[in-house]
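Report on the structure
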Amino acid sequence: MPVIHVPLQDRTYPIHIRRGLMNQAGAYLREALGECALAVITDDHVAPLYLKCLLASLEAAGFRTCAAVLPHGEQTKSLARLEELYGFLCENRITRRDAVVALGGGVIGDLAGLAAATYLRGVRFVQLPTTLLSQVDSSVGGKVAVDLPQGKNLVGAFWQPSLVLCDPDTLRTLTPEYWLDGLGEVVKYGCIGDEALFSLLEEAAPGGREGVMTHIDEILRRCIQQKADVVAQDEHDTGLRMILNFGHTIAHAVETCQHYQGLRHGEAVALGMAVITRMAESRGLTPIGTAARLDALLDALSLPRRLPELPERDLIAAMGMDKKNAGQVLRIILLKGIGACRVHETTPDFFAGMSSFAG
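Residues numbered from 1 in each chain as written. Predicted model: local features only at pLDDT ≥ 70, side-chain atom pairs only at ≥ 80, totals over all residues. Heavy atoms only, no water.

Looking at unusual backbone geometry
Quick note on the threshold: Numbering of helices and strands runs from the N terminus; a helix is a DSSP stretch of H or I covering at least four residues, while a strand is a stretch of E covering at least two.
Phi is positive for R93, which is not a glycine, with a value near 55°. Tracing the chain through its elements places R93 in the loop between α3 (79–91) and β5 (99–104). Phi angles above zero are rare outside glycine, and S302 is one such case at about 65°.

Written out as structure tokens, the structure reads:
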């Protein structure tokens, strides 16, 4: 399996994709970090599966380790949990020469990453993503954050990891809902910049989860390479990187209005992509037929494309807190066709009547 490098202005870090990496993590971290202590952050879903073997690998490589196990779920991405982590790091005497290791999905990666970015004004950070969503998206690029009641990811930083270790074998243990959560982001990458990936998903979808897993090595490589290329050109999300938010304006509004207790992020992204593409087609902003092809793939993958029963005014109000806003201007991502996209500037009024486009 390949090693994908993310070249930044000041340094480059590797993303290793290889089966069995969880049992070999100690050797990789020792080479990258040298002698130091490691604070492993995980959740109560992942810990029973992987924490013991990871700690054994790290300790065999000579690391001093400590571990914090947090509750799973989006609610853990909070200022209260962040404060708990600061206390944990202090109690275990983690210093600036040490590192924080995120073992889990996007929630743990975001929370642990923000702790690493801000504790002692920054300590090193390693991502060991165990979900499809975190492997293809959230573990790459250095965006770390927690949520506020007013919106998703509103308190955060850019803090790039020292390295990322993706073990595709961990995807075998995902529950169906976490599998679907990741598929939404995989489809996104096909939509915005890789029609060949989109076509691969169309071919694999009839085989269900096993059909997709047959091609998982290529799927991971294509998604991660695409994100690495974008991040290398726009590390701090001021231009090109906005394209990674296709479907996210609606998705984040839905998640906020459901208080992070309804649809999972990738599922919300799926319906966000479907709705925005239908709306764009109706206004001549996206070629006719694009939405039908996207809808067919989402249906084949059992991903949602209908908005939940939420007041439209609440959804539009939530969009007003979107991080991609520039003053009164809302920047959304529209497809120029499957495999190509662009940034479109509008206002929240663009979404008036969007419930009627959820087909």
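Brief notes about the packing of aromatic side chains
Which entries qualify depends on this criterion: Aromatic pairs are defined between Phe, Tyr and Trp rings, using the six-membered ring for Trp, whenever the two ring centres lie within 6.5 Å; interplanar angles under 30 degrees are classed as stacked, those over 60 as edge-to-face, and all others as tilted. With a 1.4 Å probe rolled over the protein chains alone, any residue whose accessible area is under 20% of its type maximum counts as buried; one over 50% counts as exposed, and the rest are partly exposed. Only when the NZ atom of a Lys or the CZ atom of an Arg is both within 6 Å of the ring centre and within 35 degrees of the ring normal do we say a charge sits over the ring.
Counted under the stated rule, the structure contains 1 aromatic pair. An angle of 75° between the planes, with centres 5.3 Å apart, marks the rings of F350 and F351 as edge-to-face. Across the pair, exposure class does not vary: F350 and F351 are buried alike. When the ring centre of F63 is taken as reference, the NZ or CZ atom of R30 above it lies at 5.7 Å. The positively charged end of R283 is found above the aromatic ring belonging to F350, 4.3 Å away from the centroid.

Considering the state of the cysteines
Disulfide: a covalent bond connecting the sulfur atoms of a pair of cysteines. Note the cut-off: Disulfide assignment relies on a single distance test, namely cysteine sulfur atoms paired within 2.5 Å.
Under the defined criterion, the tally for this structure stands at 0 disulfides. With no disulfide of its own, C191 lies 9.3 Å from the sulfur of C341, the closest cysteine sulfur. Overall, the relative accessible area of 0% leaves C191 in the buried class. We classify C341 as buried; its relative accessible area is 13%.

Digging into the sheet that holds strand β3 (residues 37–43)
The line we're drawing: Criterion used throughout: strands pair if DSSP finds at least two bridges between them. Inter-axis angles, ranging from 0 to 180 degrees, are taken between N-to-C directions of lines fitted to C-alpha atoms, where helices are fitted over the stretch in contact.
The strand order β1-β2-β9-β6-β5-β3-β4 describes an open sheet built from 7 strands, whose pairing is mixed. In the strand order of this sheet, the two ends are held by β1 (3–7) and β4 (64–70), each with one partner. Between one strand and the next, the sheet's axes are offset by a mean angle of 15°, whatever the strand orientation. With 3 bridges joining them, strand β2 (residues 12–17) and strand β9 (residues 163–166) adopt parallel strand pairing.

What about helix α13 (residues 312–319)?
Rules: An arc is given here, and it is the one of the directions from the helix axis to the C-beta atoms. Note on contacts: a residue pair qualifies if any of its non-hydrogen atoms lie within 4.5 Å across the two residues.
For α13, the set of buried residues is L315, I316, A318 and M319. Mapping the buried residues of α13 onto a view down its axis gives an arc of 160°, with all of them on the same face. Pointing more than 90 degrees away from the buried face of α13 are the exposed residues R313 and A317. For α13, the secondary structure elements touched by its buried residues are α10 (248–257) and β10 (330–337).

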